Amino acid sequence: MNMPRNKIAVAVAFITLAAGFIFMAGYAANAPMPPAVIGLVDLEKVYNNLDSRAGLVTRIEDMQSKMAEDASSMQEELEMLSAELESLSPGSGAMIEMNDKAISISGRLRAFETYGALLIERERAADLRDSYDTIRTEAGTLSKLMGIDLVLLNDSIPMVDLADAAGTLQQISARRVLWANETLDITDELIERLNGQGG
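Cut-offs used in this document
- Residues numbered from 1 in each chain as written.
- Predicted model: local features only at pLDDT ≥ 70, side-chain atom pairs only at ≥ 80, totals over all residues.
- Heavy atoms only, no water.
- Helix = DSSP H or I, 4+ residues; strand = E, 2+ residues; numbered from the N terminus.
- Rg over C-alpha atoms; globule rule 2.2 N^0.38 Å.
- Buried < 20%, exposed > 50% of the residue type's maximum accessible area, 1.4 Å probe, protein only.
- Contact = heavy atoms within 4.5 Å.
- Salt bridge = Lys/Arg side-chain N within 4 Å of Asp/Glu carboxyl O.
- Core = buried A, V, L, I, M, F, W, Y, C linked by side-chain atoms within 4.5 Å.
- Axes fitted to C-alpha atoms, helices over the stretch in contact; angles between N-to-C directions.
- Parallel < 35°, antiparallel > 145°, perpendicular 65-115°, else oblique.
- Left-handed = near helix turned anticlockwise from the far one by under 90°.
- Expected span 1.5 Å × (residues − 1).
- Polar contact = N/O pair within 3.5 Å; in protein donor to acceptor, adjacent residues only side chain to side chain.
- Patch = residues over 30% accessible without salt bridge, like charges linked within 9 Å, V, L, I, M, F, W, Y side chains within 5 Å.
- Areas by Shrake-Rupley, 256 points an atom, 1.4 Å probe, with all protein chains shown as cover.

(A) Structural context of the overall build of the chain. Within the chain one finds six helices and two strands. Going residue by residue from the N terminus, the α and β elements of the chain occur as α-β-α-α-α-β-α-α. For the chain, the C-alpha radius of gyration of 34 Å lies well beyond 16 Å, the compact-globule estimate for 199 residues. Dimensions along the principal axes, computed over C-alpha positions, put the chain at roughly 130 × 45 × 40 Å. The buried share of the chain, taken over its 199 residues, is 23%.

Next comes the structure, spelled out in structure tokens:
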């Protein structure tokens, strides 16, 4: 006879525990979520203050200088040919040959200048992409350390360029942050970490 009482007690205890779990689950589901902690970053300021980009700027300036020297050399050769062309008699074999050579150098010069501009632009684009990836990763690390849930780009900082009315409205409409408290800004902390002074 003692056995059914134990079964009833166990059943009552089980039902009580189950009801408690259901109550707690319902309470947890209805409990308000804490507000998200948001940080803001001035991306242009970060890019402009990255130590790692200084080396790239120097490398690109060196590339531009070398390309300018090569282009100047071709330009001088072309000018010398032009001066020689003036001294030759029109229609002569030497003039035709020199004219063909001048056209060839002129084509090479234009192709070289186009190629150089594309090469430099590609280097700049690759740097921007790589720097952005590094900034994004470091912003995530910094956010975890600071307990920040979301980092937004503070696009309210740059002034709106006064174009025509439609252009000005387009710039304003493209912005996502209307105003932000400066205490939310983590730009300087991010720059310090990226330049190896933080963390």
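(B) Structural detail: the environment of N48. Positionally, N48 belongs in helix α2 (residues 43-48). Residue classification places N48 among the exposed residues on the basis of a relative accessible area of 54%. Residues N48 and R108, spaced 60 residues apart in sequence, show a C-alpha to C-alpha distance of 36 Å.

(C) Representation of the environment of I120 within the structure. For I120, the position within the fold is in helix α4 (residues 93-146). A sequence separation of 38 residues divides I120 from P158, and the C-alpha atoms of the two residues are 27 Å apart. Look past the residues within four positions of I120 in its chain and what remains in contact with it is I60, M63, Q64 and M67.

(D) Summary view of the pattern of salt bridges. Across all of its chains, the model carries seven salt bridges by this definition. D188 is paired through a salt bridge with K45; the nearest N and O atoms lie 2.9 Å apart. Pair noted here: D188 is in helix α6 (residues 187-194) and K45 is in helix α2, with a separation of 143 residues, a long-range link. Note that R193 is salt-bridged to E138, the shortest N-O span being 2.5 Å. Of this pair, R193 sits in helix α6 while E138 sits in helix α4, and the two are 55 residues apart along the sequence. Residue E138 is classed as buried on the basis of its relative accessible area of 17%.

(E) Representation of the nonpolar core. Among the nonpolar cores identified, the biggest contains 13 residues, and V41, V46, L50, I135, I186, L190 and L194 are the most heavily contacted of them. Elements supplying a minimum of two residues to this core: α2, α4 and α6. Among residues more than four places away in sequence, those in contact with I186 are L40, V41, L142, S143, M146, I148 and V151.

(F) A look at the packing of α4 against α6. With their axes 10 Å apart at the nearest point, α4 and α6 run at an angle of 115° to one another. In terms of their interaxial angle, α4 and α6 are classed as roughly perpendicular. Relative to α6, α4 is oriented so that their crossing is right-handed. Of α6, the residues touching α4 (which contributes T134, I135, E138, A139, T141, L142 and L145) are E189, L190, R193 and L194.

(G) A look at α4. Between its terminal C-alpha atoms α4 stretches 78 Å, which fits the 80 Å expected from 54 residues at 1.5 Å a residue. Positive backbone phi, at 75°, marks G147, one or two positions downstream of α4.

(H) Geometry of the side chain of N195. Relative to the elements of secondary structure, N195 occurs in the segment after α6. One polar contact links the side chain of N195 to the main-chain amide nitrogen of D51, over a distance of 2.8 Å. Excluding its chain neighbours within four sequence positions, the residues that come into contact with N195 are N49, L50, D51 and S52.

(I) Representation of a nonpolar patch on the surface in the model. Residues I38, L150 and L152 make up a contiguous nonpolar surface patch of about 210 Å² in total accessible area. Position of I38 relative to the elements: it lies in strand β1 (residues 38-41).

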